[in-house]
There are 6 protein chains.
Amino acid sequence: MTTLAPSAFATAVFPASADVEAIIRLALAEDVGRGDLTTEATVSPEAQATADLLQKAPGVLCGLPVVAAVFARLDARVDVTPRAAEGSFDARGRVVARITGPATAILTGERTALNFLQRLSGVATASRRATELVAGTAARVIDTRKTTPGMRVLEKYAVRIGGAGNHRAGLDDGFLIKENHIRAAGGITHAVRAAQRRAAPGHVVEVEVTNLGELDEAISTGAALILLDNFSVADMRAAVAHTAGLARLEASGGISLDNLAEVARTGVDFVSLGALTHSAGVLDFSLEFVS
Amino acid sequence: MTTLAPSAFATAVFPASADVEAIIRLALAEDVGRGDLTTEATVSPEAQATADLLQKAPGVLCGLPVVAAVFARLDARVDVTPRAAEGSFDARGRVVARITGPATAILTGERTALNFLQRLSGVATASRRATELVAGTAARVIDTRKTTPGMRVLEKYAVRIGGAGNHRAGLDDGFLIKENHIRAAGGITHAVRAAQRRAAPGHVVEVEVTNLGELDEAISTGAALILLDNFSVADMRAAVAHTAGLARLEASGGISLDNLAEVARTGVDFVSLGALTHSAGVLDFSLEFVS
Amino acid sequence: MTTLAPSAFATAVFPASADVEAIIRLALAEDVGRGDLTTEATVSPEAQATADLLQKAPGVLCGLPVVAAVFARLDARVDVTPRAAEGSFDARGRVVARITGPATAILTGERTALNFLQRLSGVATASRRATELVAGTAARVIDTRKTTPGMRVLEKYAVRIGGAGNHRAGLDDGFLIKENHIRAAGGITHAVRAAQRRAAPGHVVEVEVTNLGELDEAISTGAALILLDNFSVADMRAAVAHTAGLARLEASGGISLDNLAEVARTGVDFVSLGALTHSAGVLDFSLEFVS
Amino acid sequence: MTTLAPSAFATAVFPASADVEAIIRLALAEDVGRGDLTTEATVSPEAQATADLLQKAPGVLCGLPVVAAVFARLDARVDVTPRAAEGSFDARGRVVARITGPATAILTGERTALNFLQRLSGVATASRRATELVAGTAARVIDTRKTTPGMRVLEKYAVRIGGAGNHRAGLDDGFLIKENHIRAAGGITHAVRAAQRRAAPGHVVEVEVTNLGELDEAISTGAALILLDNFSVADMRAAVAHTAGLARLEASGGISLDNLAEVARTGVDFVSLGALTHSAGVLDFSLEFVS
Amino acid sequence: MTTLAPSAFATAVFPASADVEAIIRLALAEDVGRGDLTTEATVSPEAQATADLLQKAPGVLCGLPVVAAVFARLDARVDVTPRAAEGSFDARGRVVARITGPATAILTGERTALNFLQRLSGVATASRRATELVAGTAARVIDTRKTTPGMRVLEKYAVRIGGAGNHRAGLDDGFLIKENHIRAAGGITHAVRAAQRRAAPGHVVEVEVTNLGELDEAISTGAALILLDNFSVADMRAAVAHTAGLARLEASGGISLDNLAEVARTGVDFVSLGALTHSAGVLDFSLEFVS
Amino acid sequence: MTTLAPSAFATAVFPASADVEAIIRLALAEDVGRGDLTTEATVSPEAQATADLLQKAPGVLCGLPVVAAVFARLDARVDVTPRAAEGSFDARGRVVARITGPATAILTGERTALNFLQRLSGVATASRRATELVAGTAARVIDTRKTTPGMRVLEKYAVRIGGAGNHRAGLDDGFLIKENHIRAAGGITHAVRAAQRRAAPGHVVEVEVTNLGELDEAISTGAALILLDNFSVADMRAAVAHTAGLARLEASGGISLDNLAEVARTGVDFVSLGALTHSAGVLDFSLEFVS
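Residues numbered from 1 in each chain as written. Chains lettered and ligands numbered in written order. Predicted model: local features only at pLDDT ≥ 70, side-chain atom pairs only at ≥ 80, totals over all residues. Heavy atoms only, no water.

Visitor: Help me understand the interface of chain A and chain B, please; the structure alone is not making it clear to me.
Guide: With 64 residues of chain A at the contact, the number on the chain B side is 64 residues. Roughly 5,300 Å² of surface becomes buried between chain A and chain B when both sides are summed, with 56% attributable to carbon and sulfur atoms. Among the residues of chain A in contact with chain B, A:Glu30, A:Pro149 and A:Leu171 are the three that bury the most area, contributing 14% of the side total. Run the count over chain A and chain B and you get 8 salt bridges. The partner of B:Glu40 in a salt bridge is A:Arg198, and the shortest N-O contact between them spans 2.9 Å. (Contact = heavy atoms within 4.5 Å. Buried area = accessible area lost by both parts, 1.4 Å probe. Salt bridge = Lys/Arg side-chain N within 4 Å of Asp/Glu carboxyl O.)

Okay, structure coming up:
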């Protein structure tokens, strides 16, 4: 039996999920294909190597357990020893791990490992930056479902590593009634009631509203969580005043790092940002052989 | 038997690959999970809907066949009719497809479809921009293996849709001897010879060099394709002069849209850009119900 | 692309989930193995058949979409036409569907289809019975994670078809802090706080208590949902009085159909019953060829 | 490479089958989903735990190798040491295994492990009870294909652990010509001949008969194994006398623990009972942390 | 849901097995990889084509349903119309099917389809030849488990198409006690008894013997099926006389087409030939575009 | 995480490919099915065994890493120690490996391991023979895509072990424009140009010609690699003279071991032989328990 937990990285609260196993398997399969021609042709299968994994730009390290899992799938003898803590920030460049083992496996896995690491560290770095912008307010920055296909669990992990929070993980992880659902259900009240009947005890039904009138209707149905869709900052403030604590409010749509702090100061409980995952950019890493 | 080809989009030269099937399957599984709670609770399984797929920012449309495949996996009765051509550029915003069928399937697949579309269109748009920057030179912009895990085949398709070219698709798709291989093999000459012995008739062995001295050695081994790793623009010019057509040259490392045109004018044959895939950003799309 | 939705049964709110596809695939693979020897040897591949699917004992019909999906995987030409509504109760025996198509596919899929149908209808029937026992109280009967391996999504669907509710669908679908978590976290307060920090906006953290003292502590942490583990009926009543609406309460442990009504009358909000899924028994069905 | 054999449990003759691997994988995937939220939030990945696996009701222990495989898939460092023998009976309650390792993996796997164990022990217990009822007769109790979807190999293993025997494992594991096959083939004689032509040397063709007249025809075709479908006990006796050892006889249909002994005393060779698997009920187990 | 039955070929008794689906999927994946570069580059996705599938050497046609399934997986619009019957022999060369549909799918699937067809037709042809050599004797030629990895179900189908019979399909499909089992079990009698206890009603236990003394012991245990391992023809004759109908006998080991007829005339019931599958050779086919 | 590299055999340059893992998994699944009945019934799970893997006919050993992987998947405790080098030739018969571990796993994996070994050694042996026939010429023998379904990566590995070379590994591994592509593209020149535009820097476009006239056209397009399809030996000589080194030439079609040497002496650069893989035959091996 394979194991879902990367033992060497037990200190990171890393999700033991079959989805993570699946994307690692797929990423290696698509890169290695029928075999690593160059390495097979030029490097002895008996050669051992030691390499440093280098962070080359300012940001938050995220993804070491994935790096370890990538190499473990290629060859169980590859050892990845962390030199920096998952989630730590560095501004100057540093060695984040030392990798030793068969040179062939290290060469074959290098690009796939880096592709995961640079992306997850990019998401963690963006999340940290966003979180810093709302410091001093009661608002919490959270992510969305606008993630990279196949990377959902990992990107939401990176958001947490960066200090932000997670919205629901998928369509089965809670209720978010959007405009199209409302139209199909015949109105906000009807839709919220239908969802509440279906909801498990641990689920709070959330409903999206597009103006203050709809907000009123949502509050009157007893909705405890309301998404303000594309509200202006002024309308957000009005919504907070109007709601008066009867429901928690999430600001969503049209928010960027430029106006995030202003949005947070309106008094909303949550600000969701698709950009945390879909536009985070990558953080530069490289792998350098030291022997 | 499932079919790998998205019939409705036969006009796009879309790769019929099991990797594409795998990432679509994984993306839907991670988003839908055990089922779409909100849609199940609020929308009748008999409801029909019509929706417009809207491009909301300037860029190149790329990914309609994936959109169709996402919905087809949810429900074969969903129809996706293109209103714009895969690969076409738009600067103002437009409807790119009309989607009709069961409302439940359209609601369940919406986010996954958009997550693919926004990313692939982002890559195609970046590729088009890069290609425009080298117009008038003999250089060809190509991608790298710095792609999103699980998205290799699709992102390389998007690069082509945007007008740039593909470098090798994976470690089994040709030989690229890098510094670490050279060290392990005991020198450039030795590594190139080993690779040439293994190469299939249709494979050209490529070797990476880091200075003009190594370039000399590479040329003398008969290498027909040489990667100039992190050369300055001046050194690239020197390399082109020095090589005198005995090999084709690829510039790689430290190249961005800012210096791309200058690099292209040095006379190199190829300029490879990781940023085409890892930092392309997304192009904004939305799905709006019209009935 | 395969489709996750059983089109013919759009009137049932049936979960379009990859888990459902997986268990159907596995069930057919384990029964058919390398091929149906008897049918291959004795029945012409050109023979057509019509068969009635018969309910033979009193209970709630549940699983027709799975029956359709089983046959569809064997041969797309098999048609399953419902003669009774998913979720309807019958006390005397009836035809619930008519099945027509190639005799070979019907014979090969018969046992697998019945194995699903008899079990899901058993769960739906048990759920209906339990729901009837709490009629007139404010308590809602809900299921647990004590389901049959591989059948989670389907059995929870059957619970809903029978009129009861679902507790969380898996370990990723909400927080339920049990005794062992409390011990490991260093106490109720500490554990609840840790979970609340991690919880998404739509998640309510639930905590298990084993006596009235722990209930006090749970309430004081602001836990909005509390599981009373193996409380006596008298203690449940005390807990309800004590909580005074500050949290919703779930009774769990040691509850059977014998004492369910009494438990419900204590005023708890939820009663969870593992027996809905693990001891529901099966409802008898058969498939009879009519031509 | 994963290994199919649970090394720690080599003393149980446990089937090394890819089907077993598949259902364990599916069961964990459906329960863990994207990750165990509660455990991740409240328990340190470094915490170690020791837990006792307790049998809480009278019955036959069955499923320890599956318990070990479930935990091994989550974390290879979890150790499961048996304290009772697979297949042993206990009437009072006992510790059946001690489990040690990372607390997180034990908490995450607990429910899935118990869901397998309670069901398999239920089947083994029912099988033992049925076997005891036929003691002193020449009849052997055997199972059917009326098993839980996905659990075929494991449930048939549990039947053997309980002391009963297995009928064929699937449609590819021998020939059983039923009424519908007979009709499609144009009669008993024709169908039996067709099956005998196809049968491998090690396969005995079995044919189902519904009355003594059909029994005659079956015997005359040389069928060596005949299933008496829904015969009354009196007719079973007549069939045994009539057959006079020319074929072995299997009683099937309408048999429960109430009339099993009487059926066995008719002199039939086999009595098949769907209830061994589909109505066995579960045996109660729990997992309790001891440190 | 995908379908396991190739509808267009219902006249061939073709196994609907997940193993068949798996090898077709694997074969296409390994050949197509990330996409068919040449076809994508040179052929319009709108081009339609008609092609003839040609048999170019004398032999038995076997594998048309697989050809259809290969193309169906690439594109559901490809039509494969048989022009010759599965299992028919041809001595001169002929068109066996006409294939029409998108030119791209036909070009992409051509080699994979031919690779299946040439091999299965080779096995069917060898099986027919072997069967002809034993004509007039009571012996039946059967296959072994010496098949091509991944092709078990298909090659055993080809053996039947060629007129020979199948031995057991796998290790779970009956009991064959070999020398090593006998040694481990402590003798023939002990091993046969152990297997008979475990055997399902429809399974006949077979035991391998290496000399006439062991044959005596096997007969005395009541073994009904005995494999004569590497017996000389003279010893086979002696074994037949000695057994006197108390068991059926299988000759195995050291048998080729050269001595097959002589072996069959010894009076054994079965002659098993690994060469039917592992050394059958291929039958030449090609695909030629006619428009 | 499973590992793709067979650690024990690091001295063989063996492809670490998911395709290899897939065919080993499939081969074991199809043979073991629901479990090894005979071994389970007759051999104690605690029995240990030592066995010799014997080569019984003259040829090249190929496939030991696969043997090791087969047993490792069944039980990680099985040890396979090579006694002969992968790729070595033997003319008399020899022990090639010693296998020790649980007797059950060795018995269960024996046939699957041998089925791989006999076939791969057959391909390696045929490749060595072909290579010897062209000794002294400049021609290199290469394989084709006429491989066994599912065995592509392994058979191409065996070809290399035997000393011959590989042509492209699949449709995504380079461009080979055949007659049908030419027709669909509207001529040689047009097709070659289209392919060259699409080709990655490391890909050489190959085009098939059927006569000297087409050869002229191919040369004039600048094609650097040309396949001479079914040319007579005389025409090959003419083609070599005509081409005068402007392109490399591959002879293909109608070539067997009988005329291979003659073809090689024409001066072509490559001779491709489908028979290396599809008609190689098997090399006989057996597994014998020594204790």
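There is more to say after this.
Visitor: I keep staring at the relation of the copies chain A and chain B and nothing clicks. Help me out?
Guide: Superposition of the two copies of the chain requires a rotation about an axis together with a shift along that axis. When chain A is fitted onto chain B, the two copies agree to an RMSD of 0.0 Å after a turn of 180 degrees and an axial shift of 0.0 Å. Such a combination of rotation and displacement between the chain copies is what one expects of a two-fold axis. Closest approach to the rotation axis within chain A is made by the C-alpha atom of A:Gly150, at a distance of 3.4 Å. Looking at chain A, 100% of its interface residues are interface residues in chain B too, so the copies touch through the same face. (Least-squares fit on C-alpha atoms with pLDDT ≥ 70 in both.)

Visitor: Whenever I open this one, the pairing of strand E12 (residues 285–289) of chain B confuses me. Can you help?
Guide: All names here are of chain B. The buried fraction of E12 is high, at 4 of 5 residues. Inspection of the sheet shows strand E1 (residues 48–55) paired to E12 by 5 bridges, in the antiparallel sense. The residue bridging Leu 54 from the neighbouring strand is Ser 286, located in E12. (Buried < 20%, exposed > 50% of the residue type's maximum accessible area, 1.4 Å probe, protein only. Helix = DSSP H or I, 4+ residues; strand = E, 2+ residues; numbered from the N terminus. Pairing = 2+ DSSP bridges.)

Visitor: Looking at this structure, I do not really get the relation of the copies chain C and chain A. What am I missing?
Guide: Overlay of chain C on chain A (RMSD 0.0 Å): rotation 180 degrees, translation along the axis 0.0 Å. A share of 100% of interface residues in chain C that are also interface residues in chain A marks the association as one of identical surfaces.

Visitor: Honestly, the sheet that holds strand E1 (residues 48–55) of chain A in this entry has me stumped. Any pointers?
Guide: Pairing between sheet strands relies on hydrogen bonds along the backbone, with the strands arranged either parallel or antiparallel. Residue and element names in this part refer to chain A. Spatially, E3-E5-E1-E12 is the arrangement adopted by the 4 strands of the open sheet, whose pairing is antiparallel. In this open sheet, the two strands that pair with only one neighbour each are strand E3 (79–82) and strand E12 (285–289). Going across the sheet, the axis of each strand differs from the next one's by a mean of 20 degrees, ignoring polarity. Along the sheet, helix H4 (residues 103–133) contacts E1, strand E5 (94–102) and E12; its crossing angle with E12, the most-contacted strand, is approximately 160 degrees. (Axes fitted to C-alpha atoms, helices over the stretch in contact; angles between N-to-C directions.)

Visitor: Teacher, can you tell me more about unusual backbone geometry here?
Guide: Negative phi values dominate among residues other than glycine, just as trans dominates among peptide bonds. Positive phi outside glycine occurs at B:Asn230, with the angle close to 55 degrees. Checked against the element boundaries, B:Asn230 lands in the loop between strand E9 (225–229) and helix H9 (233–243).

Visitor: Would you mind showing me how to read the packing of aromatic side chains here?
Guide: Between two aromatic rings, the relevant description is the distance of the centres plus the angle of the planes. Residue and element names in this part refer to chain C. On inspection of all chains with the given rule, the structure shows 6 aromatic pairs over all chains. When the centroid spacing of 5.0 Å and the interplanar angle of 85 degrees are considered together, the rings of Phe 14 and Tyr 157 count as edge-to-face. Taken together, the residues Phe 14 in the segment before helix H1 (18–32) and Tyr 157 in helix H5 (residues 152–161) connect sequence positions 143 residues apart. Judged by its relative accessible area of 12%, Phe 14 is buried. (Phe/Tyr/Trp six-rings, centres within 6.5 Å; stacked < 30°, edge-to-face > 60°.)

Visitor: How should the interface of chain C and chain A be read in this particular structure?
Guide: Many descriptions give the size of an interface as the accessible area lost when the pieces come together. Across the contact, 18 residues belong to chain C and 18 residues belong to chain A. For the pairing of chain C and chain A, the buried interface totals around 1,400 Å² over both sides, and the portion due to carbon and sulfur atoms is 50%. On inspection of chain C and its partner chain A, the count reaches 0 salt bridges. Inspection of the region where chain C meets chain A yields 6 residue pairs in polar contact (both at pLDDT 80 or more). For the side of chain C that touches chain A, the secondary-structure elements that each account for two or more residues are strand E6 (140–142) and helix H7 (188–198) of chain C. (Polar contact = N/O pair within 3.5 Å; in protein donor to acceptor, adjacent residues only side chain to side chain.)

Visitor: Would you mind showing me how to read the environment of B:Glu179 here?
Guide: Structurally, the position occupied by B:Glu179 is in helix H6 (residues 179–185). Dropping the residues within four chain positions of it, B:Glu179 is found in contact with B:Glu208, B:Thr210 and B:Asp229.

Visitor: Whenever I open this one, helix H5 (residues 152–161) of chain E confuses me. Can you help?
Guide: It helps to recall that an α-helix has 3.6 residues per turn; residues three or four apart then point in one direction. Taking burial as the measure, the 10 residues of H5(E) include 8 buried ones, the bulk of the element. All of the buried residues along H5(E) are E:Arg152, E:Val153, E:Leu154, E:Glu155, E:Lys156, E:Tyr157, E:Ala158 and E:Val159. The elements touched by buried residues of H5(E) are helix H1 (18–32), helix H3 (64–74), helix H4 (103–133) and helix H11 (275–278) of chain E together with helix H1 (18–32) and helix H4 (103–133) of chain F. Positive phi appears at E:Gly163, one or two residues downstream of H5(E), with a value of about 100 degrees.

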